[in-house]
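Here is how the chains run, residue by residue.
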Amino acid sequence: MRFAAGTRPTPFRAGRYNGSRRTERESMSNPLLGEDPLPQFRQIRPEHVEPALRELLHANRARIGELASLARPTFASVVEPLEELHHRISRTWSPVSHLNAVLNSDALRAGYNACLPLLSAYQTDLAQSEPLFRAYRTIAEEQGAALAPVQRRVIEHAVRDFRLAGVGLPAERKERFKTAMLELAQLQAKFEENVLDATNSWTRHVTDSAELCGLNEMLIEQARRRAHEQGLGGWLLSLDQPTYVAVVTDAESEGLRRAFYEAWTTRASDQGPSAGRWDNAPVMEEILRRRHEIARLLDFGNYAEYALATRMAHSVPEVLAFLHELAAAARQAARHEFEELEQFAARPLAAWDVGFYAERLQRERYSVSQEELRPYFPLPRVLAGLFAVAERLFGISIRERQGAAVWHPDARLFDISAGGEPVGSFYLDLYARPHKRSGAWMDECIGRKRLTSGAALPVAYLVCNFLPPAPGKPALLTHDDVLTLFHEFGHGLHHLLTRVDYPSIAGINGVAWDAVELPSQFLENYAWHPEVLQQLAGHFESGAPLPRDKQARLVATRSFHAGLSMMRQLEFALFDFRLHTEYAPERGGRVLEILEEVRREVAVVPVPQWNRFPHSFGHIFAGGYAAGYYSYKWAEVLAADAFAAFEERGVFDGPTARRFLDAILSRGGSRDALEAFVEFRGRRPDVRALLRQHGIDRPDGRAA
Ligand SMILES: [Zn+2]
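Residues numbered from 1 in each chain as written. Predicted model: local features only at pLDDT ≥ 70, side-chain atom pairs only at ≥ 80, totals over all residues. Heavy atoms only, no water.

Caption draft 1: Molecular detail of the overall build of the chain. If you tally the helices and strands in the chain, you get 27 helices and nine strands. Computed over C-alpha atoms, the radius of gyration of the chain comes to 26 Å, within 12% of the 27 Å expected from 2.2 N^0.38 for 704 residues, which places it in the range of a compact globule. Considering only C-alpha atoms, the chain reaches an extent of 75 × 70 × 60 Å along its principal axes. Pairs at least 24 apart in sequence give 75% of the contacts found in the chain among residues at least 6 apart. By element, 51% of the accessible surface of the chain is carried by carbon and sulfur atoms, the whole surface being about 29400 Å². Here the chain contributes 84 positively and 90 negatively charged side chains, and the mean placements of these two sets differ by 3 Å. (Helix = DSSP H or I, 4+ residues; strand = E, 2+ residues; numbered from the N terminus. Rg over C-alpha atoms; globule rule 2.2 N^0.38 Å. Contact = heavy atoms within 4.5 Å. Areas by Shrake-Rupley, 256 points an atom, 1.4 Å probe, with all protein chains shown as cover. Lys, Arg positive; Asp, Glu negative; His and termini not counted. Charge placed at Lys NZ, Arg CZ, Asp CG, Glu CD.)

Caption draft 2: Region of interest: the sheet that holds strand β5 (residues 421-431). Overall, mixed pairing links the five strands, which are arranged β3-β4-β5-β9-β6 in an open sheet. If you trace the sheet from one side to the other, it starts and ends with β3 (397-401) and β6 (441-446), each paired once. Adjacent strand axes in the sheet meet at a mean angle of 30° when their direction is disregarded. Looking at chain direction, strand β4 (residues 412-418) and β5 are connected through seven bridges and run antiparallel. (Pairing = 2+ DSSP bridges. Axes fitted to C-alpha atoms, helices over the stretch in contact; angles between N-to-C directions.)

Caption draft 3: Structural detail: helix α20 (residues 548-557). Looking only at α20, the buried set comprises K550, Q551, L554 and T557. Looking straight down α20, one finds that the buried residues subtend no more than 120° of arc, so they occupy a single side. Buried residues belonging to α20 abut α14 (354-366), α15 (370-373), α17 (479-496) and α19 (530-536). (Buried < 20%, exposed > 50% of the residue type's maximum accessible area, 1.4 Å probe, protein only. Arc of directions from axis to C-beta.)

Caption draft 4: Spatial organisation of the pairing of β4. In this sheet, β4 lies alongside β3 in antiparallel orientation, the contact comprising five bridges. Each bridged residue has a counterpart across the sheet, and for R399 the counterpart in β4 is D415. The antiparallel pairing of β4 with β5 creates a hairpin that spans two residues between the two strands, and G419 there sits at a positive phi of about 55°.

Caption draft 5: Quick look at the packing of aromatic side chains. Inspection of the entire model under this criterion finds 50 aromatic pairs. Plain terms: the ring middles of F394 and F660 are 6.4 Å apart, the flat faces sit at 25° to each other, and that makes the pair stacked. One end of the pair, F394, is in helix α16 (residues 379-394); the other, F660, is in helix α25 (residues 654-665), with 266 residues separating them in the sequence. By relative accessible area, which is 7% here, F394 ends up buried. Three or more aromatic residues link up through ring pairs in this structure, and these residues are F394, F522, Y526, F643, F646, F652, F660 and F680. Sitting above the plane of the W264 ring, R267 keeps its charged end 3.5 Å from the centroid. (Phe/Tyr/Trp six-rings, centres within 6.5 Å; stacked < 30°, edge-to-face > 60°. Lys NZ or Arg CZ within 6 Å of the ring centre and 35° of its normal.)

Caption draft 6: Quick peek at the environment of Q551. With respect to the helices and strands, the residue Q551 is situated in helix α20. Separated by 223 residues in the primary sequence, Q551 and A328 place their C-alpha atoms 31 Å from one another. When near neighbours in sequence (up to four residues on either side) are disregarded, Q551 contacts P530, L533, Q534 and L546.

Caption draft 7: Quick peek at the nonpolar core. By size, the foremost hydrophobic cluster in this structure holds 159 residues, and its most contacted members are F377, F426, F489, Y526 and F575. It is helix α13 (residues 316-345) that provides the largest number of residues to this core, a total of 13 residues. Apart from the residues within four sequence positions on either side, F377 is in contact with V382, A475, L476, L477, T478, H479, V482, L533, L536, A537 and L546. Membership of the second largest hydrophobic core comes to 59 residues, among which are L56, F75, A158 and A404. (Core = buried A, V, L, I, M, F, W, Y, C linked by side-chain atoms within 4.5 Å.)

Caption draft 8: Spatial organisation of the coordination of the zinc ion. Distances from the zinc ion to its protein donors, H487 (NE2), H491 (NE2), E517 (OE) and E517 (OE), fall within 2.1 to 2.7 Å. Relative to the metal, the four donor atoms surrounding the zinc ion lie at angles of 52 to 141°, and the coordination shape comes out irregular. On the accessibility criterion, H491 (0% relative accessible area) is buried. Residue E517 is classed as buried on the basis of its relative accessible area, which comes to 3%. (Donors = N, O, S within 2.8 Å, 3.2 Å for Na, K, Ca; no water. Tetrahedral: all angles 85-135°; square planar, octahedral: opposite > 155°, others 65-115°.)

Caption draft 9: Local environment of the environment of R225. Note that R225 resides in helix α8 (residues 217-229). Taking the C-alpha atoms as reference points, R225 and A470, separated by 245 residues in sequence, lie 30 Å from one another.

Caption draft 10: Up close: the pattern of salt bridges. Considering all chains together, one arrives at 54 salt bridges under this definition. With its nearest N and O atoms 3.8 Å apart, the salt bridge here joins E156 to R153. Of this pair, E156 and R153 both sit in helix α6 (residues 149-164), three residues apart, which is roughly one turn of the helix. A relative accessible area of 18% places R153 in the buried class. (Salt bridge = Lys/Arg side-chain N within 4 Å of Asp/Glu carboxyl O.)

As C-alpha cells, then:
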C-alpha cells in the first residue's frame, strides 16, 4: 500500500496559533513566523525551527487559556479563533516536517526532534482539556440549532475526539484510562521489539552455491560479504524483509524456501528456530486486554466498536458482513487459481512454494516487465496526461509557476485555477536523492480556511522517489511509478479541491480513516484505462505509442491471482476484526483459536500447524491498524464502485465528475463519509465493482 495521506505520521493535529500575539522581533527575523503566502524555503535554517515553535506554542497556550475561560462561549468567540490557531501552527510546522523528510541534515533533524516532544505535550494538553470540552458542549447546546451544518460538524468532531480521549470521564475512570493508554503504548512497543529481536537473531549460513540458484546477484554478493565479515566461508543470509521476499519468490531450492518461511512465520513465538525466546503470546493477550478495557471505560462494548467511532463503517456487523461477502465471492476464483498453480508446478504445493511458482507462472503468461515499459512513460508526457485527466474531470486548469522559491532544483510549483479563479497550489518533488525519505506521499503545506480572521488557499506537497533522469533525457517511469503518481495526485486533489472553510474538517482533515484512500485509489483507475494509457504513453525518442499487445498484457497483470490475494487479505482482516470484537476478560483473546476458525472459512493455500503469523503481525498489534485491517479492502471497494459510476457513463462524463467533486472530493470531513458516498452513487457501496475489476465476478469463478 502506498503512503496514505491520512496515515502519515503527524505529531500533532489540533494545533492552534494566534498570529497577533507574537513579539515583533522574532517574527521579523524568523521566516517560519512570517505572513508570506508560501513558505520561504530558501530562508529557513535549522536554527529557526525550535525558537519559532517555542514561541508559537507559548502564545497559543496563553490564547487557549483565555478562550477556555470565556463566560459565554460562542462559535465566533471560541471555535473560530481555535480554528485559526490550528491553521497557523499547521502551516508553521509543515515546512519543517517537510524539509526534514526531503532535505534531511543533522542540524535540521536535531531541531525537528527537539520540537516533537513539545508538540506532543501541547497536543495532549489540548486533546484533554476539560474547559474546552465544556465550552464546545455549551456552544452545541445553546447555539447548535442556529449554526450552519458545517459549523455543527466542526463541533461534533471536536466533542467526539474529546470523548474518545477520555475527557469528561469521572476522575477515577479517567485515571485508569490514562494508565491503560500508557501501558498499551508500552506493550505495543514491546511487541515490536520482540519481532525485531527474533528477526535479527536468525541467519542462514549457506555453503553450497547450488542452494542460491535463482537469487539475484546483488543479494548473493551481500550475503558473501556478510559471511566474510564474520570470518565464515560461503554466504550468510539474514531474515530482513527484502531477503525473505526474494528467497520465497526466487530461490529454486525448496529447502531454502522452507527454512526462510519457517523462520519468518514463527518469529517471536513458541515455534520455529528461536521458539520461546521472544514469545509474543503473553504480550498479545495483554494488548487485547488493555484495548478492551479502554473501550469499556468509554462505554463501548468492545475495541472494534471504539475504533469504528471515527470510521465510515458504522457497526461491527456491517464490517463482518462486508468481509464475509467478499470472501464468499472470491473463494471460488482463489481455489481455481491455486489448482491452476499446482497444475503448472505439476505437484502439490506447500505454503513456501506458492510465491515461487506464482512468479514463474506470471512471467510465462504475461512476459511484460516494468523495466521494459520505462521508455514509454517519459515523465513530461505522463504529467501532461495526468493533468489533462484532472482538468477534464473537474474543470480546473493547472499551470506551472516559474521562479518559485523551492527547497531543491528538482522541486516545482503548480497553480490550480477554475473559471479564472485561483483554487490552490502544489509542489512536486519527484526524484530519489540522498537525504530524502523513501516512498511517496502527499502532505498538507497549507490548509484551506475562510474565517473572519482571514482566508487561505490550500497548498500541497506531492513527493515521490522516481529514478532521476539521465543527462539529456527525460525521467522514465515504470507503470508502477505512474500508478504511484496518480495515487498521490488523488490525495492531492482531495486536499486542494476542498470547499470547506474550517481547517479542522477541510481537505483530508477529519475524513474517516477508512475512507481517506478513496480519492487516491479512485484516480489510479485512470492509469489503467486504455484511452488514458494511450495518452500517457509514448516512446521518449520516437514518440511511438505503447504497442497494443504490450498494453493488453500490462492491463491483464492487474487481475493475476486476484482471488488468492483477496483471500489472504480477508484472512488478515477477519482475524483482526474478530479478535477485537470477541475479546472477553474471562476467556482471554483466543488468538490461535480465532485464527483457526478464520482459516477454516477463507484459507485456500494449506498452512502448516506451526505457522504463528499473528506473533509478528505488527500492523494490528503494534501499529494503527487494530480493528482496521479491513480498511484496505473497504477503500478499494469504494474506489472501484465510484469509478464504476464513471464507466457506466464514460470515464470523463461531466455530470458524474461534478457529482463526485460536489459530494466527495470537496467535502473533507464536513459530512459523514457513507452519506457522502450515497449522495454520489445513489446507493451504498457495492462490492461487485471491485470483483469485476479483478475479473473474479464470473459465475464459474474463473479469473480472467
Ligand atoms: Zn494513499
